[in-house]
Amino acid sequence: MKLEMKKLEIEIKAIGELSQEINNQIQKVNNREFGNDSLVYDNPELYILGFLDGIFVAQVAILQRTIKVNRAPLRIGGVCYLVTASEYRGNGFGSALMKEAISYLTNELILPFGLLTCRKELEKLYMSVGYKTVIGPTLFDQADGIRNCKGLTMVVECGGKLWSDGEIDLCGLPW
């Protein structure tokens, strides 16, 4: 059921700026949505939060990282933890936050690309806001060694440069 169109209020907060209440809500959402994964993930630097009439309804997170693409270093924005509360899905809130994330990567962080990994069933959502699926492999660190991402890797071009397909090394933990 779609909600009567109400304005989504968007806030951008560095991790250290989050109130304890919002931090607890984020942790609860992340544990519910991603907690059954055995991988260890890096921590984001900031969250873009969506509120509807003061109620926390959606989130997406960002971190900055220098990765390697075809062994060449490249500074990018890592995008992760996109979640809309189940009762608010289908209203475009996730897409609105992703567009805000792209704007932030482009205009505030001045990074050439945003990069995310996801399950195949989320590809259309990310494509709808400008991401494209790229050819990997995408490698990342875990305590037991380097692993290959089993999902999709997607990028959005933020700075006028074109993405070059090839081996992607996240140079650390995934996000």
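Conventions adopted
- What you see as residue numbers is a count from 1 along each chain, following the sequence as written.
- Under the rules for a predicted model, residues below a pLDDT of 70 receive no local features and side-chain atom pairs below 80 are neither given nor counted, while totals for whole chains, interfaces and linings still include all residues.
- Hydrogens and water are ignored here; the side-chain numbers use all heavy atoms of the structure.
- Within this scheme a cavity is a closed region of a 1 Å grid, computed over the protein atoms alone, that accommodates a 1.4 Å probe without allowing it to escape, whereas a pocket is open but has protein on both sides within 12 Å along at least five of seven lines; lining residues each have an atom within 4 Å of a point.
- Grid points are joined across faces, edges and corners, and a volume is the space filled by probe spheres set on the points.
- Three classes are used, and their members are as follows: Ala, Val, Leu, Ile, Met, Phe, Trp, Tyr, Cys and Pro are nonpolar, Asp, Glu, Lys and Arg are charged, and the others, Gly among them, are polar.
- Each helix corresponds to a stretch of at least 4 residues labelled H or I by DSSP, and each strand to a stretch of at least 2 residues labelled E; elements are numbered beginning at the N terminus.
- Every case where a carboxyl oxygen of Asp or Glu lies within 4 Å of a side-chain nitrogen of Lys or Arg is listed as a salt bridge.
- For each residue, the accessible area found with a 1.4 Å probe, counting protein chains only, is set against the maximum for its type, and the residue is called buried under 20%, exposed over 50%, and partly exposed in between.
- By this rule the span expected of a helix is its residue count minus one, scaled by 1.5 Å.
- Any N or O atom pair separated by 3.5 Å or less is treated as a polar contact, with the protein-specific requirement of one donor-capable and one acceptor-capable atom, and with residues adjacent in sequence counted only for side-chain atom pairs.
- Contacts are assigned to residue pairs with any non-hydrogen atoms lying within 4.5 Å of each other.
- Nonpolar core, defined: a set of buried Ala, Val, Leu, Ile, Met, Phe, Trp, Tyr and Cys residues in which side-chain atoms within 4.5 Å join the residues together.

**Details of the layout of surface pockets**
Taking a probe equal in size to a water molecule and rolling it over the atoms shows the remaining empty space.
Part 1: Empty space within the largest pocket amounts to approximately 1,000 Å³.
Part 2: Around the largest pocket, the lining is made up of 39 residues, and of these F34, T117, C118, R119 and L122 lie nearest the centre.
Part 3: Split into classes, the residues belonging to the lining of the largest pocket amount to 22 nonpolar, eleven polar and six charged.
Part 4: Q27, N30, N43, Y47 and Y81 are, among the 17 residues lining the second largest pocket, the residues nearest its centre.
Part 5: Residue contributions to the lining of the second largest pocket peak at six residues, all from helix α1 (residues 20-34).

**Examining the pattern of salt bridges**
Part 1: Inspection of every chain in the model, using the stated rule, returns seven salt bridges.
Part 2: For R119, the salt bridge is made with E121, and the minimal N-O distance between the two is 2.6 Å.
Part 3: Judged by relative accessible area, R119 falls into the partly exposed class, the value being 48%.
Part 4: The exposed category is assigned to E121, whose relative accessible area is 58%.
Part 5: Among the charged side chains, a salt-bridge network with shared partners connects R32, E33 and R89.

**Regarding helix α2 (residues 93-108)**
Part 1: In this model α2 runs 21 Å from its N-terminal to its C-terminal C-alpha over 16 residues, within 8% of the 22 Å that 1.5 Å per residue would give.
Part 2: For α2, the set of buried residues is F93, G94, S95, L97, M98, A101, I102, Y104 and L105.
Part 3: In the stretch just after α2, I110 is the one whose phi turns positive, near 50 degrees.

**A look at the side chain of E123**
Part 1: One can find E123 in helix α3 (residues 123-127).
Part 2: Only 2.4 Å separates the side chain of E123 from the side chain of K120, close enough to count as a polar contact.
Part 3: Each residue touching E123, except ones within four places of it in the same chain, is listed here: T133, L152 and M154.

**Thoughts on the nonpolar core**
Nonpolar side chains in soluble globular proteins generally cluster together in the buried interior.
Part 1: Counting residues in each nonpolar core, the largest one holds 30 residues, and the members touching the most others are V60, I62, M98, L116, Y126 and Y131.
Part 2: For this core, the secondary-structure elements that each account for two or more residues are β2 (46-52), β3 (55-69), β4 (72-84), α2, β5 (113-118) and β9 (152-157).
Part 3: Once residues within four sequence positions are removed from consideration, Y126 is found in contact with L82, M98, L116, C118, Y131 and M154.
Part 4: The next biggest cluster of nonpolar side chains, apart from the first, holds 27 residues, and it includes L18, V29, L115 and L170.

**Some details on unusual backbone geometry**
Part 1: Cis peptide bonds are those with omega within 30 degrees of zero, and the linkage from G136 to P137 qualifies with 10 degrees.
Part 2: Looking at the secondary structure, you find P137 in the loop between β6 (132-133) and β7 (138-142).
Part 3: The residue Y81 is not glycine, and still its phi comes out positive at about 55 degrees.
Part 4: In this fold, Y81 is placed in strand β4.

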